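# Structure assessment
Now for the letters of each chain:
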Amino acid sequence: MLDHSPGIKDQLDEIMERLDLVAFDVRFIVIHGMGGIGKTTLAKAVFRQISPQFQDIINLQKKLLSDVLKLSCTNLSFIDEGAHLIKTRLHGKKILIVLDDIDNRDQIMRLAGEPNWYGGGSRIIITTRNIEFLVKEGEDGNMNWDDARQLFCERALGCAKPPPDYMDISEKVINALGKLPLALDVVGSTLRGKCKSTWENVLYKLKKVMNEDVKKKLMISYEALNPNQQQIYPDIACFFINQEKTTAIRYWDAVFGYPTEIEVKILTRMSLIKIIDYDELWMHDQLRDLGKDIVRPESCNIRLRGSRLWLPKDTFHLVQRKKGTENIVALNLGTPEPESTYRFTHTEFARLVNLRFLQLNHGNFQGDFKDHFSKLRWLSWSNCPSEFLATNFGLENLAILELSGNNITKDWGGWHQIMVAKRLKVLKLLDCPLLRKTPKFLAISSLERLILRCNQLGKIDKSIGFLQHLDYLEIFSQELSVLPHSIGNLVNVKHLILSCWELQKLPDSIGQLESLLELDVGHTSLKALNLGHSRIIELPKTIGTLENLEELSASCEHLEGEIPSEIGALSSLKILDLSSGHFSGLPTTINQLTNLQKLNLWGCRSIQQLPETTVQEPKIEELLRASALRKLTLWVGKMTLPPTDLSSHSQLQQLSLSYADPRSLTKLPSSLQELILVDVQSSIDWSLFSNLENLSRLIIERYSLGEICFDGFGRLRNFNELVMFDFPLLKMLPILPCLKEIQHLYLCQFPHLIEIQGLEELKSLQTLRIWNCNSIKSLNESDMSNLQNLKRLDFNRCESLESVLGVPKSCELTVCYCPRFNKDG
């Protein structure tokens, strides 16, 4: 019995916590995993512990109906009638139901139904190999090492730990069994009382042949698969363990003619495979052995018998002796003497008419291969020869191509035979030290994944821009310094991975990658990175490795979540543009950007708070301790900035910020040359401007008040340009003496402005532009005649403008889209 097996207690405690018998709700608990991990054992242990607390205990519908409800099952004409009886007779009762080995949702619905069938406090426990019909995926079924050792030793030796002379052999057997509870229990029990030499023999057999009792129980899960899943399963067992899942799925898509990702998900949910780090396929050792056993030549499975050969030497002898059969679909083919290239002929492959997967190391092809590889979907060829001797290779239907070796160059003879694969979905060029430039990509326009991992690759052919279906591009090179401009045409690329040490700049066209979701440029020498207009939703954590980066522009409305704290490692960064993003805040590490000169947060309306510092309130000066800061844009939506003193930023030249609350600014640096105030909702405290001796330009945008007064603005010797934009409520604009030295005045979008008061005082004015001011009818003639330095006067889209009189002769007058204007008036 396994009731007190190691690991059971921890799992039992976890389930008891989830059951929470004190709670009055109705709960379903699912225990899932592949056959042999102890699901039923665990369910029994739970059952024994909690059953006394329930009114009714049910194992099966028939037992429930006949024993508990005192009804005969023989009178039930349809199973739904039984479900109805369960629902009606048990309504309101606190019950415990244990359903063992359930494999579809209908079984649950007919045996356990919905929570409202039962009374408060009821608990339903389900065990299953297949959680495809459930919403959430479960946990890994393997035991940890300590529990696996204890279980095995208790079965084989009658103690928790092996004695010293059995320590080594015990560890080897446990590893061979892959810590699978079922296998540990079965094999451990067979070794009880046996001598060490018997253990050695069993270990040898385990490495060669699976234990029959273990195999029979695991086959139950395999036989529950549909025909295509039964094909995919041995493919993984023989060829794809620790291989990339996405590429394997592209292969099965091509083989079966439909999207097969759902089939892989089902294998995962049935605990037959796992997806591990880096999106790789993984399979338990015992399940791997089962998959290989199913396709061995001596297998009892007639349909799959001998269909896959994974040992290169065995495969070579079969091909060399022309022993291939139409049952063979996949080969891992090697040559016995790699140094002397073996040339395979068409006659050796003549009988392999259904071959769809070929993995080849060394070797060459010679002769006419017409119609021999029409079903081939995967070709992986390492250590390719310099000369390609075959003709009519016929790879039109190839979906996956992997090439590697010293002989692959831009002018390699095999390209013209291989690059005819118009259905090619994945191209991998791996470890080709002599490949300096890629081949042309025009003939493989259906490509979806391109992976180039070649150290000496120095140039990407511009035809890469024709790969309109490409969604994944990975380049690894120590020589590549420039990417072609045409890379911006890859509008469907979602993932761009660049590990190119010499790459210092991305082409401007990178911003055209409108589908981009992931960008990894961690191993480059980039100085500028522009992600504007892309669809990237988050900055990668590897951004911190770009130690040479000076400019980062991520002005993207799709940017959300959190800005990674690793951004603080960009010690060379001078310009950071995060405008239009939807992220909620900035990391405190942004304080570490000591060379930062410009920070742009324009339009970042989702910012909730600024980084907390050691002071009680977040202060903007703490955020911007970068002494070299020259340009700052800080628009923070509805958030009110805390009182902020920027006077210590002696190099700050341009400042643009929200001005919802005048108390948000206490001091400004005298170095300012341009000041932009946005979203002004309170009267401006002009006394702040008194020290701005270098200020030359003031822009006020989105002013929400009905009047404006420039009192206290002072006389700023360098101030010469005033731009006012979007004043929806202002009717009269007063021009005070403090503004009389300005040379340029721009007024735009004043829908109710009817008068500019004191215009005649602007003796130095050279340019006056009045745009989208729909209520103004004219300017005072005497005012205009005093503006003798005016060189340009522009009116644009002023719907009520009727006349402009007194304009100096030296001034150029332009009036556009003003329907009431009388040019003779």
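Residues numbered from 1 in each chain as written. Predicted model: local features only at pLDDT ≥ 70, side-chain atom pairs only at ≥ 80, totals over all residues. Heavy atoms only, no water.

An unreviewed UniProt entry annotates the protein chain as NB-ARC domain-containing protein of Corymbia citriodora subsp. variegata.

## Re the sheet that holds strand β19 (residues 518–520)
To keep things clear, this is the line we draw: A pair of strands counts as paired when DSSP detects no fewer than two bridges linking them. Numbering of helices and strands runs from the N terminus; a helix is a DSSP stretch of H or I covering at least four residues, while a strand is a stretch of E covering at least two.
Taken in spatial order, the 10 strands line up as β7-β8-β10-β12-β14-β15-β16-β17-β18-β19 in an open sheet, and their pairing is parallel. Where the open sheet ends on each side, the last strands, each with one partner, are β7 (308–309) and β19.

## What about the nonpolar core?
Using the following cut-off: Working definition of a nonpolar core: buried Ala, Val, Leu, Ile, Met, Phe, Trp, Tyr and Cys residues. They are joined through side-chain atoms within 4.5 Å. Relative accessible area decides the class of each residue, using a 1.4 Å probe on protein chains only: under 20% of the type maximum gives buried, over 50% gives exposed, and in between gives partly exposed. Contacts are residue-level and defined by heavy atoms, with any inter-residue pair within 4.5 Å sufficient.
The biggest cluster of nonpolar side chains holds 152 residues, and the ones touching the most others in it are F349, F365 and L529. When sequence neighbours within four positions are dropped, the list of residues in contact with F349 reads V319, L333, F344, L355, L358, F365, F369, H372 and F373. Ranked by size, the runner-up nonpolar core spans 59 residues in total, among them L180, C238, W252 and I294.

## Some points on the sheet that holds strand β11 (residues 364–368)
As a reminder, the rule being used: To get an axis, fit a line to the C-alpha atoms, keeping to the stretch in contact for a helix; angles then go from 0 to 180 degrees between the N-to-C directions.
Pairing in this open sheet of 3 strands is parallel, and the strands run β9-β11-β13 from one edge to the other. A single partner strand is all that each edge strand has here, and the edge strands are β9 (343–345) and β13 (389–391). Geometrically, the sheet is characterised by an average inter-axis angle of 40° between neighbouring strands, direction not taken into account. The pairing of β9 with β11 spans 3 bridges and is classified as parallel. Across the sheet, residue R343 finds its bridge partner in β11, namely N364.

## Looking at the pattern of salt bridges
Think of it this way: side chains of opposite charge can pair up when their charged atoms draw near. Short version of the rule: For this analysis, a salt bridge means a side-chain nitrogen from Lys or Arg found within 4 Å of a carboxyl oxygen belonging to Asp or Glu.
If you walk through the whole model with that rule in mind, you get 26 salt bridges. With a closest N to O distance of 3.9 Å, E261 and K245 form a salt bridge. Taken together, the residues span a long stretch of sequence, with E261 in helix α13 (residues 261–269) and K245 in helix α12 (residues 245–256) at a distance of 16 residues. Relative accessible area serves as the criterion here: at 16%, K245 is assigned to the buried category. For K428, the salt bridge is made with E402, and the minimal N-O distance between the two is 3.5 Å. A residue pair is termed long-range when its members are at least 10 positions apart, and K428 in strand β15 (residues 426–430) and E402 in strand β14 (residues 400–404) qualify at 26 residues. Where salt bridges share partners, they join E244, E402, K428 and R449 into one cluster.

## Overview of the packing of aromatic side chains
This is how it is decided: Planes of paired rings set the category: under 30 degrees apart is stacked, over 60 is edge-to-face and the rest tilted, where pairs are Phe, Tyr or Trp rings (Trp by its six-membered ring) whose centres lie within 6.5 Å. A positively charged side chain is recorded as over a ring if its NZ (Lys) or CZ (Arg) lies within 6 Å of the ring centre. The angle to the ring normal must also be within 35 degrees.
Applying the stated criterion across every chain yields a total of 37 aromatic pairs. Where Y703 meets F727, the ring centres are 4.7 Å apart and the plane angle is 10°; that geometry is what we call stacked. Taken as a pair, Y703 in strand β29 (residues 697–703) and F727 in the loop between β30 (721–725) and β31 (732–734) lie far apart in primary sequence, 24 residues in all. Each member of the pair, Y703 together with F727, is buried. Of the aromatic side chains, those joined through ring pairs into one cluster are F316, Y342, F344, F349, F365, F369, F373, W381, F388, F393, W412 and W415. Over the face of the ring belonging to Y166 we find K196, whose NZ or CZ atom lies 5.8 Å from the ring centre. Here the basic side chain of R797 rests over the ring of Y817, its NZ or CZ set 4.4 Å away from the ring centre.

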